[in-house]
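# A closer look at the structure
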Amino acid sequence: MRILLIEDEAALARPLAEHLEADLHIVEWFATLDEADSAIRALEYDVVLLDLQLPDGDGLSFLSRIRDRNIRTPIIILTARDKVSDRIDGLNRGADDYVIKPFDLDEVKARIHTVCRRSADQLTQTILIRDLCVCLSDHSVSRAGQPIRLTAKEWGVLEVLLRRKSKIVPKESLEAAIYAYGEEVESNALEAHISRLRSKLGKDLIVTHRGMGYTLQP
Ligand code: CA
């Protein structure tokens, strides 16, 4: 893995870098945000280890900038024990985890493995259809970066169609998937959900196969 380490205290950074390199990771260590920023613009990293107090600025603002640029690289904050508010702030701004200084080298290594595994799982759970981004794990949908709110039934329809890929899903299967057993289904309710999905997600996203069912536009 390629790791970006942003830490100005050499006494912390050096042993950490050596420990990770011994584990066959590639570690690039920078002591300023400015250098780290150039590095992350130029290269893709698998994980970023971020100290919060750097000589040229605040690690939290760096974190926000990175997430604003849509860089989804997992970020682990390295922070002092007494800075609880910074840790919460960091997680809110899109950090994946934090380790408290002084840290145990093996603990940092374990956290790196955990966040990387988590982000790999999320990737396979995220489906892109043109400008739509659908996340199966947290049931969120966004279009060109803007979140779109779906009702539970609309989500149910979308999810079934996504999981069946390009196979035609009969109307009855969709109804069975989104309605509880015994729940009364009005005759045109499914069409209403589909029509609302089309207006929210794009009118040609769901294709009607007359008398057969529905598919997602490939
Ligand atoms: Ca520092």
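## Focus on the pattern of salt bridges
One pass over the full model with this rule turns up 17 salt bridges. For Lys101, the salt bridge is made with Asp51, and the minimal N-O distance between the two is 2.9 Å. Linking Lys101 in strand β7 (residues 97-101) with Asp51 in strand β3 (residues 47-51), this pair joins segments that are 50 residues apart in sequence. The same class applies to Lys101 as to Asp51, namely buried. Linking Arg93 and Asp89 is a salt bridge whose minimum nitrogen-to-oxygen distance equals 3.3 Å. The class for Asp89 is partly exposed, based on a relative accessible area of 28%. Bridged by salt links that share partners, the residues Glu7, Asp51 and Lys101 form one connected network.

## Focus on the pairing of strand β12 (residues 206-209)
Judged from the four bridges that link them, β12 and strand β13 (residues 213-216) form a sheet pairing that is antiparallel. Opposite His209, over in β13, you have Gly213 as the bridge partner. The antiparallel pairing of β12 with β13 creates a hairpin that spans three residues between the two strands, and Gly211 there sits at a positive phi of about 75°.

## As for the nonpolar core
Counting residues in hydrophobic clusters, the biggest one holds 25 residues, and the most contacted among them are Leu158 and Leu174. At six residues, helix α6 (residues 152-163) tops the list of elements feeding residues into this core.

## Describing the packing of helix α7 (residues 171-178) against helix α8 (residues 189-201)
The relative placement of two packed helices is expressed as an angle between their axes plus a distance between the axes. Relative to each other, α7 and α8 sit at 85°, their axes nearing to 10 Å. With respect to α8, the element α7 is oriented roughly perpendicular. Counted together, Lys171, Leu174, Glu175 and Ile178 of α7 and Leu190, Glu191, His193 and Ile194 of α8 form the full contact between these two elements. For the contact of α7 with α8, the residue count by class is four nonpolar, one polar and three charged.

Analysis parameters
- Residues numbered from 1 in each chain as written.
- Predicted model: local features only at pLDDT ≥ 70, side-chain atom pairs only at ≥ 80, totals over all residues.
- Heavy atoms only, no water.
- Salt bridge = Lys/Arg side-chain N within 4 Å of Asp/Glu carboxyl O.
- Helix = DSSP H or I, 4+ residues; strand = E, 2+ residues; numbered from the N terminus.
- Buried < 20%, exposed > 50% of the residue type's maximum accessible area, 1.4 Å probe, protein only.
- Pairing = 2+ DSSP bridges.
- Core = buried A, V, L, I, M, F, W, Y, C linked by side-chain atoms within 4.5 Å.
- Axes fitted to C-alpha atoms, helices over the stretch in contact; angles between N-to-C directions.
- Parallel < 35°, antiparallel > 145°, perpendicular 65-115°, else oblique.
- Contact = heavy atoms within 4.5 Å.
- Nonpolar A, V, L, I, M, F, W, Y, C, P; charged D, E, K, R; others polar.

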